[in-house]
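Residue-level structure breakdown
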Amino acid sequence: MCEKAGFDYIEIRIDMLKEYLQENSLQTLKDFFSTHNLKPHALNAIYLDSDMFTENETEKCKQIVKDFIFCCNVATRIGSEHIIVVPPMNREDKREFTQAKTKILEDCTRILKKLSEIALEYNIKICFELVGAPWCSVRTTEFAKKIVDTVNLKNVGYVFDSYNMFLHNRLNNFEVLTTIPVEQIFAVHINDAEKLENEQYTQQHRCFCGKGILNLDNYLSTLAEIGYNGMVSIELFRPEYWEKTAEWVINTAYQTTKESMQKYI
Ligand code: ZN
């Protein structure tokens, strides 16, 4: 359906990949991509835990590393070169993330360096994705840059997401992206945000491009200004859309995204 709609790439959700592999083989997936124009971009996403690679490491932390290695293996087999990595967050209860910035910097740096070492063996690049919401540890481009600069490894860069940037104080001017070296941007997510009266934005308030209040022209023109010419991916987590048919969601996603991007491609 994605290929039919016109998409060149697909990002594969890791939880859905695991589900798929319960009934299908990796070879089937590899064969699919080798016989279609649609190609796999990043595997999406590995969610970090602050205790990874410390002496307090829990079973959950070990599982995240196992998942990461699993993704490296799958990515190599199917021809994908990127894994999206999301900083630690209070994902379930959405409690505000209150740890000191110095600790977050130290944790993210340690974890990304270790994952980079693993990824290097597979020729995989890590796309670090900030999430602006209060329950996340890395909320701004400035802080994400500080971490990526401290890590200072070639295979650790960024994926930026207009909606995740907006989640921090409703940011709607994306000029901060001009501080990022374009070669470190491995992927770009694009989303619009529905208009809400209160501050209760969560991931379910993402919507199709052009249907919300984000200044996507500013987002895309800033990316164009710094010379970004890589992939742009629409990433919706909106339950209302899940009630529609997959075909409708995919076709509408393609058409609305393309319309927003028209001036820049
Ligand atoms: Zn995203």
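Description of the structure in this document. (Residues numbered from 1 in each chain as written. Predicted model: local features only at pLDDT ≥ 70, side-chain atom pairs only at ≥ 80, totals over all residues. Heavy atoms only, no water.)

As for the sheet that holds strand β2 (residues 39-47)
Sheet architecture is open: 7 strands sit in the order β1-β2-β3-β4-β5-β6-β9, paired in parallel fashion. Strands with a single pairing partner mark the edges of an open sheet, and in this sheet they are β1 (9-13) and β9 (232-234). Taking the axes of each pair of neighbouring strands and ignoring which way they run, one obtains an average angle of 30° across the sheet. Sheet topology note: the strand β4 (residues 125-128)/strand β5 (residues 156-161) ladder contains 3 bridges and is parallel. By the bridge assignment, C127 is partnered in β5 with G157. (Pairing = 2+ DSSP bridges. Helix = DSSP H or I, 4+ residues; strand = E, 2+ residues; numbered from the N terminus. Axes fitted to C-alpha atoms, helices over the stretch in contact; angles between N-to-C directions.)

Concerning the packing of aromatic side chains
The tally for this structure, following the rule as stated, stands at 9 aromatic pairs. Look at F7 and Y254: their rings are 5.0 Å apart centre to centre, the planes differ by 80°, and that puts the pair in the edge-to-face class. With F7 in the loop between α1 (2-5) and β1 and Y254 in helix α10 (residues 246-261), this residue pair connects regions lying 247 residues apart in the sequence. For the pair F166 and Y201, a centre-to-centre distance of 5.0 Å together with 90° between the ring planes defines the contact as edge-to-face. Separated by 35 residues along the polypeptide, F166 in helix α7 (residues 162-166) and Y201 in the loop between β7 (192-193) and β8 (206-207) bring together distant segments of the chain. When its relative accessible area of 6% is taken as the criterion, Y201 is described as buried. Through pairs of rings, three or more aromatic residues link up here, namely Y163, F166 and Y201. Just above the ring of W135 sits the side chain of K94; from NZ or CZ to the centre is 5.2 Å. (Phe/Tyr/Trp six-rings, centres within 6.5 Å; stacked < 30°, edge-to-face > 60°. Buried < 20%, exposed > 50% of the residue type's maximum accessible area, 1.4 Å probe, protein only. Lys NZ or Arg CZ within 6 Å of the ring centre and 35° of its normal.)

Points about the pattern of salt bridges
This structure, assessed with the given rule, holds 14 salt bridges. Taking the shortest distance from any N to any O, the salt bridge between D93 and R95 comes out at 2.8 Å. Since its relative accessible area comes to 47%, D93 is described here as partly exposed. One salt bridge connects D107 with R110, and the closest N-O pair in it is separated by 3.1 Å. With D107 and R110 both in helix α5 (residues 101-122) and 3 residues apart, the pair spans about one turn of that helix. One exposure class covers both D107 and R110, and it is buried. Connected through salt bridges with shared partners, the residues K103, D107 and R110 form a single ionic network. (Salt bridge = Lys/Arg side-chain N within 4 Å of Asp/Glu carboxyl O.)

Some points on the side chain of T141
Relative to the helices and strands, T141 resides in helix α6 (residues 141-151). Apart from the residues within four sequence positions on either side, T141 is in contact with L130, F160, M165, V176 and I180. (Contact = heavy atoms within 4.5 Å.)

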